[in-house]
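Structural overview for review
Below are the chains, spelled out letter by letter.
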Amino acid sequence: MLRAHTVAQVRAAEDALMRTLPEGALMQRAAHGLAYAVLDFLGGGYGAKVLLQVGAGNNGGDALYAGAVLARRGVGVEAVLLAPERAHAEGLAALEAAYGRVVDVEDAQRPDVVVDGIVGIGGTPGLRPDALAALERFSEVPVVAVDLPSGVDADTGELAGPHVQAAITVTFGTHKVALLADPAAAAAGAVLLVDIGLELPEAAVEALQSEDVAALLPEPGGESQKYSRGVVGVRTGSERYPGAAVLSVAGAGCGLAGMVRYDGGATDQVLAAHPETVSGAGRVQAWVVGSGGGDQASDALTRSLEDGVPVVVDADALTATPRPVGRHAILTPHAGELARMLEVPREDVEAAPLRHAREAAAAYDAVVLLKGRRTVVAHPDGRARINTTGVPWLATAGAGDVLAGLVGALAAAGLEPFDAASAGAWLHGAAATLASHGGPLRASAVAAALPQAVRGLRTP
Ligand SMILES: NC(=O)C1=CN([C@@H]2O[C@H](COP(=O)(O)OP(=O)(O)OC[C@H]3O[C@@H](n4cnc5c(N)ncnc54)[C@H](OP(=O)(O)O)[C@@H]3O)[C@@H](O)[C@H]2O)[C@@H](O)CC1
Ligand SMILES: [K+]
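The model shown is predicted, which means the values in this text are computed figures rather than measured ones. (Residues numbered from 1 in each chain as written. Chains lettered and ligands numbered in written order. Predicted model: local features only at pLDDT ≥ 70, side-chain atom pairs only at ≥ 80, totals over all residues.)

1. Regarding the UniProt feature "domain: YjeF N-terminal" (unreviewed entry) in the protein chain
- Feature annotation in UniProt places "domain: YjeF N-terminal" (unreviewed entry) on residues 10-204, given in this structure's numbering.
- Helix makes up 30% of residues 10-204 and strand 18%, and the two end C-alpha atoms of the span are 11 Å apart. (UniProt positions renumbered as here; feature names shortened; annotations may be inferred. Helix = DSSP H or I, 4+ residues; strand = E, 2+ residues; numbered from the N terminus.)

Here is the structure:
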């Protein structure tokens, strides 16, 4: 499991650890990790040039100490001090002892890499004009961010004005929430975690990794039969929108549940595309409702909720969902749908997906899966997971139908709604990566790649 913590949690863990260590030891661990990450990024030290952007706090201290390590490895290191009187004194002395140079920004040479040590977890969101001006001098040069891309809100992943856009972020001790949650996570680039020995409490936000998903997936045994593996019922699509039914049944038919039952208005098309589907009402262990259901979606939702089994609620059924609906429901909106459900502008949801997913989970007392580049799964008890698999090509019509069906199959197989939603999002993204091969994809190809994504988890 990849874990992200809040600033308060990191501060408490740092304080506890610092009491047991010699002064400055933690910063040395951080700075060495940072320096070696920069060397890797540069592909070697000699002849390379690095410019440090150094703020007034310990984030700048990390950059200065790392600069000293780099300078001793043959890198030409220059440092711009944004607050010269308050720059980390020992870090600055270390840099100068290694023949690094302090320069005014207009005198700096064009570097191969800019190191962003402007602010870390002590920063307020946004960038001050002097920092912005210093960054703009070499705006085309890749940035390695120290701990966080400066300017983002560490605890929420929200933005408040200008911020650093990093190629990589080297973070210390644990991931910060902003490194997982969009829109800030999109500013972090690839994230490298340097272990500095912190003992941390339960995470504020998690991201499932392949081994977590593998451990959650159902495992058929010799005794298994189709009913014991779970039946997933699908009430999506209509005569007018048969495609939604075909695609959600394709997701539900990923093979992780024992059987798919279709009980909607596009039976002929579903059976033609997926002959293994059983048609008509009957007992199921989870329902999938909403997508392409048009006017009948609300009725399908009501009937499905009456069964008391988990219900995946998508698209047309979302606005008809009672508030609260209860914890057997898994709501799967995209930003526009969540905006309508919460009666807020869509841009507000896009600017703060984690916050809005949590608000909706609390308001509906249900698991909410908010689709996006970084899909958020929020539990009404406050837990949240963020999905990191997938490719931009996955933003395509019908992909959400496949996801709803897949999550339904996992719930029918016995996963808790929170696990079904987050494992479903992970597999959906992994299947999209396989289907894409770096190029465009169709939603049906994502569904077709699901067994391969599952197989990939099982191969040692
Ligand atoms: N603690 C530890 O053991 C370890 C900590 N480590 C490192 O320390 C970092 C935290 O350091 P920190 O607490 O000194 O705060 P930090 O992020 O440098 O920023 C505070 C300074 O920035 C300024 N400032 C604020 N907002 C700003 C803005 N928008 N734009 C511009 N400036 C702004 C603010 O100035 P002021 O508001 O006072 O003018 C203040 O002086 C952490 O992220 C990690 O990198 C590692 O070495 C591992 C061990
Ligand atoms: K930074």
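2. Topic: the environment of Ala252
- Along the chain, Ala252 turns up in helix H7 (residues 242-252).
- For Ala252 and Val446, which are 194 residues apart along the polypeptide, the C-alpha to C-alpha distance reads 12 Å.
- Beyond its immediate stretch of four places on either side in the chain, Ala252 contacts Val232, Val234, Ala257, Val260, Val288, Gly405, Leu406, Gly408 and Ala409. (Contact = placed C-beta atoms within 7 Å.)

3. A word on the site of ligand 1
- Neighbouring residues of ligand 1: 27 residues in total, closest Gly57, Asn58, Asn59, Gly120 and Gly122.
- Within the residue set of the shell around ligand 1, elements represented by two or more residues are helix H1 (7-18), helix H2 (25-42) and helix H3 (58-72).
- If one sorts the elements of the shell around ligand 1 by residue count, H3 sits on top with 4 residues.
- Taken together, the residues of the shell around ligand 1 break down into 13 nonpolar, 10 polar and 4 charged. (Near = placed C-beta within 6 Å. Nonpolar A, V, L, I, M, F, W, Y, C, P; charged D, E, K, R; others polar.)

4. Comments concerning the domain arrangement of the protein chain
- Under the domain assignment used here, the protein chain contains domain 1 (2-207) and domain 2 (210-458).
- Computed over C-alpha atoms, the centres of domain 1 and domain 2 are 39 Å apart.
- Counting from both sides, the interface comprises 12 residues of domain 1 and, opposite them, 13 residues of domain 2.
- Classifying every residue of the side of domain 1 that touches domain 2 gives 7 nonpolar, 2 polar and 3 charged. (Domains from an automatic or database assignment.)

5. Quick word on the nonpolar core
- One finds Val38, Val232, Ile330, Val368 and Val446 to be the most contacted residues of the largest nonpolar core, which totals 164 residues.
- Tallying contributions element by element places helix H14 (residues 417-436) first for this core, with 11 residues.
- Each of domain 1 (2-207) and domain 2 (210-458) contributes no fewer than three residues to this core.
- The residues touching Val446, leaving out its near neighbours within four places in the chain, are Ala399, Val402, His428, Ala431, Ala432, Ala435 and Leu441. (Core = buried A, V, L, I, M, F, W, Y, C linked by C-beta atoms within 7 Å. Buried ≥ 20, exposed ≤ 12 C-beta atoms within 10 Å, placed from the backbone.)

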